Amino acid sequence: MADLLVTQVRSGIGTKPKHRGTLRALGLHGIGSSNTLPDRPEIRGMIARVPHLVRVEAADAASAKES
C-alpha cells in the first residue's frame, strides 16, 4: 500500500472548528508541517474536507525529491 505525504500550506486560523480538528487528526500542527500517512479511504476523506489547506504528494515521490 502506498503512503501519502500531507503538508499544511495554509493556516487553520479562521476556518471552521471541524477543519481545524481535521488538520489535527492528520497530525498537522502549523504551516509547513507534514506527515506521512497510509493511502486509505479514511485518510482520503479527511484530506477531501480540507483540500484548500493542504498539499498531498505520494510519499515515495517526495523522498525521491529529497535525494
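Conventions used here
- Residues numbered from 1 in each chain as written.
- Predicted model: local features only at pLDDT ≥ 70, side-chain atom pairs only at ≥ 80, totals over all residues.
- Heavy atoms only, no water.
- Salt bridge = Lys/Arg side-chain N within 4 Å of Asp/Glu carboxyl O.
- Buried < 20%, exposed > 50% of the residue type's maximum accessible area, 1.4 Å probe, protein only.
- Helix = DSSP H or I, 4+ residues; strand = E, 2+ residues; numbered from the N terminus.
- Core = buried A, V, L, I, M, F, W, Y, C linked by side-chain atoms within 4.5 Å.
- Contact = heavy atoms within 4.5 Å.
- Pairing = 2+ DSSP bridges.
- Axes fitted to C-alpha atoms, helices over the stretch in contact; angles between N-to-C directions.

Enquirer: Looking at this structure, how should I read the pattern of salt bridges?
Expert: Oppositely charged side chains may form a pair once their charged atoms are brought near each other. Scanning all chains against the criterion turns up three salt bridges. A salt bridge links R44 to D39, with the nearest nitrogen and oxygen atoms 2.8 Å apart. The exposure class of R44 is partly exposed, given its relative accessible area of 43%. Residue E57 is joined to R55 by a salt bridge in which the shortest nitrogen-to-oxygen separation is 3.2 Å. Residue R55 is classed as partly exposed on the basis of its relative accessible area of 43%.

Enquirer: Help me understand the environment of A59 in this model?
Expert: Here A59 is to be found in helix α3 (residues 59-66). On the basis of relative accessible area, A59 is assigned to the buried category, the value being 18%. A sequence separation of 24 residues divides A59 from N35, and the C-alpha atoms of the two residues are 9.5 Å apart.

Enquirer: Help me out: how do you make sense of the nonpolar core in this one?
Expert: Most often, soluble globular proteins have nonpolar side chains that are buried together. If you look at the biggest cluster of nonpolar residues, it comprises eleven residues: L4, V6, L23, L26, L28, L37, I43, I47, V50, L53 and V54. At the level of secondary structure, the elements contributing two or more residues to this core comprise β1 (3-8) and α2 (41-49). Setting aside residues no more than four positions away along its own chain, V54 makes contact with V6, T7, Q8, V9, L23, L28 and I47.

Enquirer: Can you help me understand the pairing of β1 in this one?
Expert: For a regular strand, side chains alternate in direction, first toward one face of the sheet and then toward the other. With respect to burial, β1 is a largely interior element, five of its six residues being buried. Note: β1 against strand β2 (residues 34-38), five bridges, orientation antiparallel. By the bridge assignment for β2, V6 is matched with N35. One ladder, built from five bridges, connects β1 with strand β3 (residues 54-58); its direction is antiparallel.

Enquirer: Before we go on, may I ask you to explain the sheet that holds β1 in this structure?
Expert: Remark on secondary structure: sheet strands pair via backbone hydrogen bonds, oriented parallel or antiparallel. Pairing in this open sheet of three strands is antiparallel, and the strands run β2-β1-β3 from one edge to the other. A strand with exactly one partner marks an edge of an open sheet, and here the two such strands are β2 and β3. Across the sheet, the mean angle separating the axes of adjacent strands is 25 degrees when strand polarity is ignored.

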